[in-house]
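Read off the chains here:
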Amino acid sequence: QVQLVESGGGLVQPGGSLRLSCAASGNTFSIVAMGWYRQAPGSQRELVATITSGDVTNYGDSVKGRFTISRDNGKNTVYLQMNILNPEDTAVYYCHAHREPDWGPDRDYWGQGNPVTVSS
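Everything numeric here is computed off the predicted structure, so don't read it as measured data.

Enquirer: Could you give an account of the overall build of the protein chain, with specific residues and numbers?
Expert: Helix and strand counts for the protein chain come out as zero helices and 11 strands. In sequence order, the secondary structure elements of the protein chain are arranged as β-β-β-β-β-β-β-β-β-β-β. By the compact-globule yardstick of 14 Å for 120 residues, the protein chain fits well, its C-alpha radius of gyration being 14 Å. Expressed along its principal axes, the backbone C-alpha trace of the protein chain runs to roughly 50 × 30 × 25 Å. Counting the 120 residues in the protein chain, one finds 41% classified as buried. Put simply, 53% of the contacts in the protein chain that link residues at least 6 apart link residues at least 24 apart.

Take a look at the structure:
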């Protein structure tokens, strides 16, 4: 199993920046990708950014060029630098990890959610 602990959300003015963190613990040795999805009230959960164990990144169209995802040397913590934030970025951001063990089924894990509010 994998546990994901998120931090760094909060209130920010339009045009400002926030940095989210997500720390994975447990069976992290078989995690092949981590990232964030977000969900606004009344909307579907959507891709924000992902990064693989090989450091290949993928971004949702609405955040590409503004957000940057990275991970630490131990591959257990990922960071999302969010710049030029606008009110449409307001959502609950969920950290995600995808695990593919050599023995056992592939699994997806989710954090509890980290609210981000962009408002003046």
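Enquirer: For the environment of aspartate 55, give the residues involved together with the corresponding values.
Expert: Along the chain, aspartate 55 turns up in the loop between strand S5 (46-52) and strand S6 (57-59). Linking aspartate 55 and alanine 33, residues 22 residues apart in sequence, is a C-alpha distance of 8.8 Å.

Enquirer: Which residues make up the packing of aromatic side chains, and what values do they have?
Expert: Scanning the model with the defined rule gives one aromatic pair in all. Sitting above the plane of the tyrosine 94 ring, arginine 45 keeps its charged end 3.9 Å from the centroid. A cation over a ring is seen here: arginine 45 above tryptophan 110, with NZ or CZ 4.7 Å from the ring centre.

Enquirer: Kindly report on the state of the cysteines, identifying the contributing residues and their values.
Expert: The full count for this structure, using the stated rule, is one disulfide. Two residues share a disulfide in this structure: cysteine 22 and cysteine 95, whose sulfurs sit 1.9 Å from each other. Of note, the bridge from cysteine 22 to cysteine 95 carries an S-S torsion of about -90 degrees and is left-handed in sense. Remark: cysteine 95 occurs in strand S9 (residues 91-99) and cysteine 22 occurs in strand S3 (residues 18-26); sequence separation between them is 73 residues. Across the pair, cysteine 95 and cysteine 22 agree in class, each one buried.

Enquirer: For the pattern of salt bridges, give the residues involved together with the corresponding values.
Expert: Taken as a whole, this structure holds three salt bridges when the rule is applied. Measuring nitrogen to oxygen at the nearest pair gives 2.9 Å for the salt bridge that ties arginine 38 to aspartate 89. Linking arginine 38 in strand S4 (residues 31-39) with aspartate 89 in the loop between strand S8 (77-82) and S9, this pair joins segments that are 51 residues apart in sequence. Take aspartate 89: its relative accessible area is 1%, and that puts it in the buried class. With a closest N to O distance of 2.8 Å, arginine 66 and aspartate 89 form a salt bridge. With a gap of 23 residues between them, arginine 66 in the loop between S6 and strand S7 (67-71) and aspartate 89 in the loop between S8 and S9 connect regions that are remote in the sequence. Here arginine 66 matches aspartate 89 in class, with each residue buried.

Enquirer: Pulling in residues and values, what's your account of the nonpolar core?
Expert: Generally speaking, a soluble globular protein has its nonpolar side chains buried in company with each other. In terms of nonpolar packing, the biggest core is built from 28 residues, with Leu4, Met34, Trp36, Leu80, Met82 and Tyr93 touching the most fellow members. Breaking this core down by element, the ones donating at least two residues are strand S1 (2-7), S3, S4, S5, S7, S8, S9 and strand S11 (114-118).

Enquirer: Now, about the environment of phenylalanine 29: what can you tell me, with residues and values included?
Expert: Inspection of the secondary structure assignment puts phenylalanine 29 in the loop between S3 and S4. Note on phenylalanine 29: relative accessible area 66%, which makes it exposed. Placed 70 residues apart in sequence, phenylalanine 29 and arginine 99 show a C-alpha to C-alpha distance of 8.6 Å.

About the cut-offs
- Residues numbered from 1 in each chain as written.
- Predicted model: local features only at pLDDT ≥ 70, side-chain atom pairs only at ≥ 80, totals over all residues.
- Heavy atoms only, no water.
- Helix = DSSP H or I, 4+ residues; strand = E, 2+ residues; numbered from the N terminus.
- Rg over C-alpha atoms; globule rule 2.2 N^0.38 Å.
- Buried < 20%, exposed > 50% of the residue type's maximum accessible area, 1.4 Å probe, protein only.
- Contact = heavy atoms within 4.5 Å.
- Phe/Tyr/Trp six-rings, centres within 6.5 Å; stacked < 30°, edge-to-face > 60°.
- Lys NZ or Arg CZ within 6 Å of the ring centre and 35° of its normal.
- Disulfide = S-S within 2.5 Å.
- Salt bridge = Lys/Arg side-chain N within 4 Å of Asp/Glu carboxyl O.
- Core = buried A, V, L, I, M, F, W, Y, C linked by side-chain atoms within 4.5 Å.

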